[in-house]
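Reading the structure
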Amino acid sequence: MSGYQYYEFQAIDRPLTAKEQATIQKLSSRVELTPHRAIFLYNYGDFRGKPEELVTKYFDIMFYISNWGTRQLIFRFPRAIVDPDWYEPYALPYAITIKQTKEYVVLNINISDEDGSMGGWVEGEGWLPQLLPLRDQLLTGDVRLLYLAWLRAVPNCAGYKIEKDPVEPPIPPNLGKLSDPLETFIELVELDSDLVAVAAEASQNVSAKSKSALLLEERLADLSTSEKEEFLIKLVRREPHVDLQLINRLKELAGPVDTMPEAVSGYRTLSELTEMMDVAYEKRKQKEQEAARRKRIKELKTLAPKEEKLWQQVVILIETKQAKPYDEATALLKDLRDLAEYQKKLPEFIGRFNELKDDYQNRPALMRRLRTIQV
């Protein structure tokens, strides 16, 4: 049975060595491999490697998608920079997992739909470049991705792998101001926008330049001369994440001062969020319908002075005896029907419309189109 599986791995903090590339090359003769990237594409068969192990050993991020409904992101972070406690509150069995090695923290987000199908055409290429900035956000403790992943994955876990009606995890700040990569993730996993909107109602808005950041800058003077030289040497050597290492050191010097934007403790259950989402959906649809109604009224008011000319144009189009003009005539008649209904002159329209059908009843192609006009 044919299928579609796309794996893309990227090495960000350092390129792969020649030996590492040789090891990865053995996994498949068809791999697209560079010192910074490996792509495996399967329409038949399966990948011989273990994605999480490969990320842990060689790469910093992996993206996977299949046509049976699985979308997966795996991140590797230097353990010296991140705090696993940032991520743990969002863990879900088999869906959001956090593992630690001596050097790394590995975060695995696996969204699998129970129906086993994503519907439509599935294409893996092009997603990961848009999602790459999510790793930098997670490195700084921005866990909005994990909250969104929890929202998407928890319905498949509730009542099976976890309690039936779980309470949401901590609500990170700025859920109402999502970055482009986060919007891309929402699109990728098909997370309901109304659910995101109601979840964001309890999220704080935090400015990029917070008071805590200013407090950290004041701690620069507390660094010893040797520490300053050490950080400068790391910069010269182009070591990755020197900025984050410096920030973490300044946090230590700042003491117990809270330098991270505060997350609000989760307090809404999954059923409450779902109910809020349904209400939000109805309100949004009502607003959209009202906006569409106002737009249509504006269009009809523009058509009103041209009513007689439109009737004449309908006849001209019908006289051509061609399919495309028939379609145009039908569209104009629908506009005239709506205009008559708005002006409370529908009986007059029906009379003229019936005369038109009587005049051209010997044209089957036209009559099929006119039957689509409801009066």
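See the structure shown above.
Okay, so let's go over this structure.

Our focus in this paragraph is the packing of helix α5 (residues 144–157) against helix α6 (residues 180–189). It is the contact of α5 with α6, at a shortest axis distance of 11 Å, that shows an interaxial angle of 15°. Relative to α6, α5 is oriented roughly parallel. For the pair α5 and α6, the crossing hand works out as right-handed. For the pair α5 and α6, the contacting residues are Arg144, Leu145, Leu148, Ala149 and Arg152 in the first and Leu182, Phe185, Ile186 and Val189 in the second. Here the residues of the contact of α5 with α6 sort into 7 nonpolar, no polar and 2 charged.

The subject of this paragraph is the environment of Ser112. Its place among the elements puts Ser112 in strand β7 (residues 104–112). The partly exposed category is assigned to Ser112, whose relative accessible area is 33%. When the C-alpha atoms of Ser112 and Ala95 are compared, they prove to be 8.0 Å apart, with 17 residues separating the residues in sequence. Polar contacts involving the side chain of Ser112 include one to the side chain of Thr70, which spans 3.3 Å. A distance of 3.1 Å separates a polar atom in the side chain of Ser112 from a polar atom in the side chain of Asn110.

If you look at the biggest cluster of nonpolar residues, it comprises 60 residues, and the most contacted ones within it are Phe75, Tyr87 and Leu148. Looking at which element gives the most residues to this core, the answer is α5, with 10 residues.

Moving on, we come to the packing of aromatic side chains. Evaluation of the coordinates by the stated rule reveals 15 aromatic pairs. On the basis of an interplanar angle of 90° and a centroid distance of 6.0 Å, the ring pair of Phe9 and Phe40 is categorised as edge-to-face. In this pair, Phe9 sits in strand β1 (residues 5–10) while Phe40 sits in strand β3 (residues 37–42), placing the two residues 31 residues apart along the sequence. Since its relative accessible area comes to 0%, Phe9 is described here as buried. Judged by centre distance (4.6 Å) and plane angle (50°), the rings of Phe40 and Phe47 are tilted. Judged by relative accessible area, which is 2%, Phe40 ranks as buried. Taken together, Tyr7, Phe9, Phe40, Tyr42, Phe47, Tyr58, Phe59 and Tyr64 form an aromatic cluster joined through their ring pairs. Here the guanidinium or amino end of Arg76 rests over the ring plane of Tyr104, the centre of that ring lying 4.1 Å away. Of note, Arg268 hangs over the ring of Tyr267, and the distance from its end group to the ring centre comes to 5.4 Å.

Let's shift gears to the side chain of Gln5. Of note, Gln5 is situated in strand β1. You can call Gln5 buried: its relative accessible area is 5%. A distance of 2.8 Å separates polar atoms of two side chains, one belonging to Gln5 and the other to Tyr64. Leave out the neighbours within four places in its chain, and Gln5 touches Phe40, Leu41, Tyr42, Gly45, Asp46, Tyr64, Ile65, Ser66 and Trp68.

Another point: the pattern of salt bridges. Evaluated as defined, the whole model comprises 22 salt bridges. Between Arg296 and Asp335 there is a salt bridge; the shortest N-O distance is 2.7 Å. A residue pair is termed long-range when its members are at least 10 positions apart, and Arg296 in helix α11 (residues 270–303) and Asp335 in helix α13 (residues 323–342) qualify at 39 residues. For Arg369, the salt bridge is made with Asp327, and the minimal N-O distance between the two is 2.6 Å.

What counts and what doesn't
Residues numbered from 1 in each chain as written. Predicted model: local features only at pLDDT ≥ 70, side-chain atom pairs only at ≥ 80, totals over all residues. Heavy atoms only, no water. Axes fitted to C-alpha atoms, helices over the stretch in contact; angles between N-to-C directions. Helix = DSSP H or I, 4+ residues; strand = E, 2+ residues; numbered from the N terminus. Parallel < 35°, antiparallel > 145°, perpendicular 65-115°, else oblique. Left-handed = near helix turned anticlockwise from the far one by under 90°. Contact = heavy atoms within 4.5 Å. Nonpolar A, V, L, I, M, F, W, Y, C, P; charged D, E, K, R; others polar. Buried < 20%, exposed > 50% of the residue type's maximum accessible area, 1.4 Å probe, protein only. Polar contact = N/O pair within 3.5 Å; in protein donor to acceptor, adjacent residues only side chain to side chain. Core = buried A, V, L, I, M, F, W, Y, C linked by side-chain atoms within 4.5 Å. Phe/Tyr/Trp six-rings, centres within 6.5 Å; stacked < 30°, edge-to-face > 60°. Lys NZ or Arg CZ within 6 Å of the ring centre and 35° of its normal. Salt bridge = Lys/Arg side-chain N within 4 Å of Asp/Glu carboxyl O.

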